[in-house]
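As a plain string of letters, each chain reads:
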Amino acid sequence: YSMCMTALVIMAASTAMSAYGAYQQSKAQQASLDYQAQVNANNATAARQNAQAIRDRADVAEDEHRTKIARQKGTAVAVTASRGVLVDDVDSSIDFILQDAAQYGEYDIAKIHDDAALRARQAEIEGTNFDAKSALASFESSTINPTFNAASTLLSGASSMVGPATQMGYIKTI
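Cut-off values and rules
- Residues numbered from 1 in each chain as written.
- Predicted model: local features only at pLDDT ≥ 70, side-chain atom pairs only at ≥ 80, totals over all residues.
- Heavy atoms only, no water.
- Salt bridge = Lys/Arg side-chain N within 4 Å of Asp/Glu carboxyl O.
- Helix = DSSP H or I, 4+ residues; strand = E, 2+ residues; numbered from the N terminus.
- Buried < 20%, exposed > 50% of the residue type's maximum accessible area, 1.4 Å probe, protein only.
- pLDDT = per-residue confidence, 0-100.
- Contact = heavy atoms within 4.5 Å.
- Core = buried A, V, L, I, M, F, W, Y, C linked by side-chain atoms within 4.5 Å.

Caption draft 1: Up close: the pattern of salt bridges. Enumeration according to the criterion identifies six salt bridges in this entry. Residues Glu-106 and Arg-66 are paired through a salt bridge, measuring 3.7 Å at the closest nitrogen-oxygen approach. Here Arg-66 lies in helix 1 (residues 2-82) and Glu-106 lies in helix 2 (residues 93-142), a separation of 40 residues in the sequence. Of the residues examined, Glu-106 reaches a relative accessible area of 40% and is grouped as partly exposed. When its relative accessible area of 36% is taken as the criterion, Arg-66 is described as partly exposed.

Spelled out as structure tokens, the structure:
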């Protein structure tokens with residue numbers, strides 16, 4: 001009888017340890033998912049900040065390029081005037097050169113703007129993807145119930161002990 005009782009006690013202890021392990025494992029999984037959610041939320045914030053930084057740098061680059069064009073136009077006028085050529089005439093060759101410089105300069109500015117807009121959009125999309133990953137990890141974490149998992153393990157272990165306990169005569173069947 002004592003050997004049978006010892007076997008049942010060992011089974012009960014094993015079930016209790018399994019239940020504790022299930023609880024701890026569930027808590028660890030929850031903590032890992034919560035961490036992933038926070039990392040992804042931080043990454044989303046960083047991506048949005050990056051998008052804004054791209055836009056800000058593009059604004060500066062556009063302004064710098066406009067200044068560069070204005071300097072080039074001013075230099076062209078000064079050099080042309082220093083050669084004795086009339087620069088105030090609307091139909092002068094310098095006027096056409098200045099118009100070309102302005103046109104190509106604005107084309108370059110449009111390319112700077114479009115490139116920055118594309119990169120900023122990519123960063124925004126990346127931020128949205130990180131938001132989705134964060135929400136998914138939070139949802140997965142919320143579906144984990146460590147107490148339920150431990151209780152489920154206890155019940156499973158207890159039900160597996162019923163057969164041997166009945167065979168050993170500790171449980172009477174009707």
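From this point, the discussion proceeds with the structure in view.
Caption draft 2: How the structure looks around the confidence of the model for the protein. When the pLDDT values of the protein are averaged, the result is 89; 94% of them are 70 or greater. When mean pLDDT is compared element by element in the protein, helix 2 scores highest at 94, while helix 3 (residues 146-167) scores lowest at 79.

Caption draft 3: Summary view of the side chain of Thr-80. For Thr-80, the position within the fold is in helix 1. Setting aside anything within four residues of it in sequence, one finds Thr-80 in contact with Val-85, Val-87 and Ile-94.

Caption draft 4: Up close: the nonpolar core. Core analysis: the largest hydrophobic core is formed by six residues, namely Ala-51, Ile-54, Ala-58, Ala-116, Ala-120 and Ala-123. Contributing elements (two or more residues each) for this core: helix 1 and helix 2. In this view, Ala-120 contacts Ala-51, Ile-54 and Arg-55; residues no more than four positions away in its chain are not counted.

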